[in-house]
Every structure is written in C-alpha cells, then in structure tokens.
Amino acid sequence: MKKNGVKMFMSGMAAMICFAGLAAPSMAEVSPQKIAIFPFEVISREDQSFIGKGMGKMLCTRVGQGGKIQVRCLDKPFDRFGLSMDDGLMDAIARSESLQGVDFLLMGSITIAGNAVSSDARLVDVIGEMDTVNIHESGTGLSDVMRHAVGIAEKVRRVLAGGKLAVDNIPASIINSVETVVVPAGADTRTGQETLLTSTSLTADSPVPGKSAAAPLFVSRSMSGEITGLVVVDMDGHKEIAVIETQQLTVFSWQNQNLVKKAIFKGKHYQTFVGVDALDTDADGKDELFISVLDRKHQLKSMVIKDMGGKLTVVAQDLPWFFRVVKIDGKKQLMGQKTGRDQLFWGEIYALSFDGQHLVKGDAKMAGKGGIFGRSLGHPTANAALKMVWFDNDGYLNLGKETFEKEWSSDGSWGSSALFVTYDQGKNDVDQRVYLNSRVAFEDVDANGQSEIIAVVNSDMSRGFLSGFRKFTRGYVSILEWKGDALVEQWHTPEVSGYVADFSLGDMNGDGHVEVVYGTVVNVGRIIGKSKSNIVVRSVGMIDK
C-alpha cells in the first residue's frame, strides 16, 4: 500500500463465497465461554494490515452476539503478546493480563493474490482438551472479507456450542446477510472533442418509490477517472462546473444544458487535490477557485486559481490552509483550517478573506474539533439559533450546537467520503487512515425562509466494521428539513451504483431555483480496477411536505 498518500477505494466488486464443511469433537458447554480474538495477519503485495484489524473487529461483534460467549477483542496480533503455539502457551497466557482466564484463542490470516482472497482462521483450546480447529473461507475481491467473517464467526459459535458444522446447517439468512452489488462495466465513450460531455441516460438513475424525481437536466457520458470534488462556479460571467481529480482540475462551461470542456490545470506529481470551493472574494464579479492541496508529507500547499483571459492561472500558492465555503444567512463565507504536526486537521476554523494576492485570517468561526470538511453552519428554522451540522469520524450526520453538543444524530452511518490520508505508524502497527468527510450545506431550497440541509448518503458495504476501509455500493444526495426534534428527509436524488463523490448547488437553467449538481464514481474492476465518473445536473423541484 502506498504510504503517506491520498487514495480512494471504489465499489461494485462482484463477490462469491464458499463454506467448507468441517467437524469438531463434541465438548461440554461451558457457560460463559471466554475467547480472545486477535487481528488477522494480511499477506499481500501491498501493506493492507487495516483489513486484518477490521476482520478482528467483525469477528468480535459476531462471535459475541447474544452474550453467551464472552469476547476479549484485542488490538495487537497474536505474536505481539509473546505467544507461541509451541509448549508454554498456558504459561504465557497466565503472564498476560489481557489474556488471563480465556478458554480459547482465535487468530488467522488473510491472503490476497490478484483478485483471489482467502481467509484462514485457527481456533485454539488453551487447555488442550479440544484439537485446534482450522477454518477456511475463499472468494473474489475485498468485499468477500465480510462474508468470510460471517462464516468464520458462525462456525466458531457452533464449535463452542459443541455442534458439528456443515454448509447445510448454516442458515441462508447468515449466508445472505451481506448484500452483493454487481455493477455493469461501461465503456469510456468520451470523444476527445471540445464538446466532451453530452446528455445521456443513466440506467441506475431511477425514481425512488414515494418521492418525486423529475428527469435530470443532464447526465454526462462516463469519463475515465475518479471525481474527488466539484463546485458550480462563475469565472467569466457564465455558469461553469469545476471538477477535481487527484492531480487535475477541469473546468466545464455550461451551455444549452450541455457541458463543454473549457480548460484543464494539471498539478504536480507530488500534489493531491482534496477539495475545491468557489467564491468571489476580491469583488471583481468573477469567482476564484480555492483548491485544498496536500503534498506527500501531509503539508498543506493549497492554491487560488482565477480565469485570466480563458487560462486557469494560479494567483496564490503554497497556502497553509484547508478551504471550505460555507453559506450563512444567505451570504457565502470562505473558511480555513490548518494542519498539525501529527494530525491532519488542527486548530480552530477561521473566516478568511482574499484580496487578489494574499489571504487574511479573520475571527474564529467554528471549534477545531474534527476537520473543516463535512460541517456547516446555518439556521434549520426561521427563528432558530445558529446551529452546526457535521459528519463525525464514523460517517454519522449530526445537528446541534457549535460546541458539538448533539441535538440529533442519524440512525446509521451515512458513509461520507471515500477520500483518505494514510499515516505510517511503523512496521509493528496498523497504518492510520484519516477520512476527509463529504460536503454538507444549509440552503433554502424552496425559498420558504427555512434552510434545508443537503448531504451525501453513501452505503458502505463494510458498515463500519473494516477499520480504515470504506467500500461504497450505492449513493445519493439527500435534502432534509428540521421538523420538531429531528431532521426528516424531504427529497433525494435517485440512487446510483457506486457512490456520490461531491455535490454543489446552483441555478443552472436560469429559472430562479437551485439545481443540485453532483459527481458519481463507480469502480468497474475487481479490487482496485479502473473507475468511471459521471456528472449529473438535477432539478430539485418541490420539496415533498
């Protein structure tokens, strides 16, 4: 795995699972059984140790279901406890405070070779009354790791209950508890001409039952690559859409409900574009683009870009700020946050101004807990106090005070973003991943004096169990309204396969109402294959009351 970089993982991998029949000697039930579960070793060409850590967490949850088995979920591999399968295992366990009193140990490995993924687990009876049970699961693609966890956990529970195992005994509800999403591979239909993107149909873009969903104004043809951010912008008196990929900015002109490629700006090979926002900060009637940029050492090297005679020109660079434009009480404000020595987001979030050449730091606007991405300020009702809406580290959407005092939280994880930064923790520890949360915004979409909240909802196949790994299978943009004591969804875009990378709002057809513009990404490969992106422009229409 590439160190100290920013990567994205896609969804849409085909999956399969195979349960091997095995039998274990019957044993008297001990109530409660105590089992220590270790992170699995990962054997692959790249460092993917986070998958082994996620396997351990998933097994802890599933083996301990129902409370009949007491689980000790450990965060270090088996050999880090000084344990060996040779003689002296019990003595070593007795010396370890974390392992004292356990009856069984569960450890294993995950082998990744090309598209093939194999998980091998060992269930060890500490006392030695039962032979070691070896469990094997195999499949295709990283998505099968979750299926392996389901199968291994079910078999472990049955062995500890004294039962024999066979594939016929495993309930279909267990086998099918993880959804498989097969994404059709589409050809790259780009023409390479100036009129690069033309409207087309999108088969995954179908109406959601019970919700109004007018036909989209525009859906682009599939483009090779991964959109990481986009924003509606006016750089020359006309509506445009600025799109970033890892090291490239592309500006498309919106003409007659069509996108025409206008200009491209390529970053350096050591730069990673992680965010894009737009605002006319120097009052010349034209928006500047504020690009948040990280180098390989996680140092901020952000830049400001203007349209100078049809050419994208950098007017300020190597700026030590993450950028986000937040709309408060109908007025847009540029916000900024710095990075720290050992943490990606550090310090309070400040109001910033730009005079055409220099950034000026203003007052602190939001507390520094967490990152600048994935939060916003606004009034959820006409007479309400200023509130903050934010995604937390687990992808849950929250609304509350600026002090992070929650008044509402989503029932489950909304997935947030697939973009992350990797911190190398050394060869003896699992690399840390810090995800950059998706954009969230306040906007009075239906002009009733009350701001709605717009956010991305991406379904993570790992459901938060694979620490440091998100694999999205479908996504959409949701519009919510504060009603009583909760945010209630009023409308959302149809689901698409893959995930929604980013969204922006703008009056694209000049009718006085905002449209939602969003970028979708789908992976058509097996594990880390080639990705395709689309840009969608959709009228919101009337919010369902």
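Residues numbered from 1 in each chain as written. Predicted model: local features only at pLDDT ≥ 70, side-chain atom pairs only at ≥ 80, totals over all residues. Heavy atoms only, no water.

1. Observations regarding the side chain of lysine 155
So, step 1. When you line up the elements, lysine 155 lands in helix α3 (residues 144–160).
So, step 2. We classify lysine 155 as buried; its relative accessible area is 2%.
So, step 3. A distance of 3.0 Å separates a polar atom in the side chain of lysine 155 from a polar atom in the side chain of glutamate 137. (Helix = DSSP H or I, 4+ residues; strand = E, 2+ residues; numbered from the N terminus. Buried < 20%, exposed > 50% of the residue type's maximum accessible area, 1.4 Å probe, protein only. Polar contact = N/O pair within 3.5 Å; in protein donor to acceptor, adjacent residues only side chain to side chain.)

2. Some points on the packing of aromatic side chains
The way to describe two aromatic rings as a pair is by their centre distance and the angle between their planes.
So, step 1. Applying the stated criterion across every chain, the model contains eleven aromatic pairs.
So, step 2. On the numbers, 5.7 Å between centres and 90 degrees between planes, the contact of phenylalanine 218 with tryptophan 254 is edge-to-face. One end of the pair, phenylalanine 218, is in strand β9 (residues 218–219); the other, tryptophan 254, is in strand β13 (residues 248–254), with 36 residues separating them in the sequence. Each of the two residues, phenylalanine 218 as well as tryptophan 254, counts as buried.
So, step 3. Taking 5.6 Å as the distance between ring centres and 75 degrees as the angle between the ring planes, the aromatic pair formed by phenylalanine 322 and phenylalanine 373 counts as edge-to-face. Placement of the pair is phenylalanine 322 in strand β19 (residues 322–328) and phenylalanine 373 in the loop between β22 (359–366) and β23 (375–378), with a sequence separation of 51 residues. In this pair, the class of phenylalanine 322 matches that of phenylalanine 373, namely buried.
So, step 4. Ring pairing ties together the aromatic residues Phe290, Phe323 and Phe354, which thus form one cluster.
So, step 5. Its end group placed over the ring of tyrosine 350, lysine 361 keeps NZ or CZ at 4.5 Å from the ring centre. (Phe/Tyr/Trp six-rings, centres within 6.5 Å; stacked < 30°, edge-to-face > 60°. Lys NZ or Arg CZ within 6 Å of the ring centre and 35° of its normal.)

3. Brief notes about empty space enclosed by the protein
So, step 1. This model, assessed by the stated rule, comprises three cavities of 30 Å³ or more.
So, step 2. Estimates place the volume of the largest cavity at around 150 Å³.
So, step 3. For the lining of the largest cavity, the elements supplying multiple residues, two or more each, are β15 (272–279) and β34 (499–506).
So, step 4. In terms of residue class, the lining of the largest cavity is built from nine nonpolar, six polar and three charged. (1 Å grid on protein atoms, 1.4 Å probe; cavity = no way out; pocket = protein on both sides within 12 Å on 5 of 7 lines; lining within 4 Å. Points joined across faces, edges and corners; volume = space filled by probe spheres on them. Nonpolar A, V, L, I, M, F, W, Y, C, P; charged D, E, K, R; others polar.)

4. Some points on the sheet that holds strand β24 (residues 387–391)
So, step 1. Ordered by their spatial adjacency, four strands build an open sheet running β23-β24-β25-β26, and the pairing between neighbours is antiparallel. Edge positions in the open sheet fall to β23 and β26 (406–409), since each of these has one partner strand only. Each strand of the sheet is rotated relative to its neighbour by a mean of 20 degrees, with strand direction disregarded.
So, step 2. Relative to β24, β23 runs antiparallel, the two being bridged by four bridges. Within the sheet, the bridge partner assigned to serine 376 lies in β24 and is valine 389. (Pairing = 2+ DSSP bridges. Axes fitted to C-alpha atoms, helices over the stretch in contact; angles between N-to-C directions.)

5. Some thoughts on the state of the cysteines
So, step 1. A full pass over the atoms with the stated rule returns one disulfide.
So, step 2. Two residues, cysteine 60 and cysteine 73, share a disulfide whose sulfurs are 2.3 Å apart. Negative torsions about the S-S bond denote left-handed disulfides, and the value of about 95 degrees found for cysteine 60 with cysteine 73 makes this one right-handed. You can see cysteine 60 sitting in helix α1 (residues 49–63) and its partner cysteine 73 sitting in strand β5 (residues 69–73), a full 13 residues away along the chain.
So, step 3. Among the residues examined, cysteine 73 registers a relative accessible area of 44% and is labelled partly exposed. (Disulfide = S-S within 2.5 Å.)

6. Quick notes on the sheet that holds strand β12 (residues 240–245)
To summarise the sheet geometry, strands pair through backbone hydrogen bonds and adopt either a parallel or an antiparallel arrangement.
So, step 1. With respect to topology, four strands assemble into an open sheet ordered β11-β12-β13-β14, the strand pairing being antiparallel. For this open sheet the edge positions go to β11 (229–233) and β14 (259–266), each flanked by a neighbour on one side alone. With direction set aside, neighbouring strand axes in the sheet form an average angle of 20 degrees.
So, step 2. The sheet contact formed by β12 and β13 spans six bridges and is antiparallel.

7. Comments concerning the side chain of lysine 387
So, step 1. When you line up the elements, lysine 387 lands in strand β24.
So, step 2. Residue lysine 387 is classed as buried on the basis of its relative accessible area of 14%.
So, step 3. Polar contacts involving the side chain of lysine 387 include one to the side chain of glutamate 407, which spans 2.6 Å.
So, step 4. Residues in contact with lysine 387, not counting those within four places in the same chain, are Ser376, Leu377, Gly378, Pro380, Leu399, Gly400, Lys401, Glu407 and Phe442. (Contact = heavy atoms within 4.5 Å.)

8. Some thoughts on the environment of isoleucine 454
So, step 1. Within the secondary structure, isoleucine 454 sits in strand β30 (residues 452–460).
So, step 2. The exposure class of isoleucine 454 is buried, given its relative accessible area of 0%.
So, step 3. Separated by 24 residues in the primary sequence, isoleucine 454 and serine 478 have C-alpha atoms spaced 5.7 Å apart.
So, step 4. Apart from the residues within four sequence positions on either side, isoleucine 454 is in contact with Arg439, Val440, Ala441, Phe442, Glu443, Val445, Val477, Ser478, Ile479, Phe503 and Leu505.

That is the geometry; function is a separate question.
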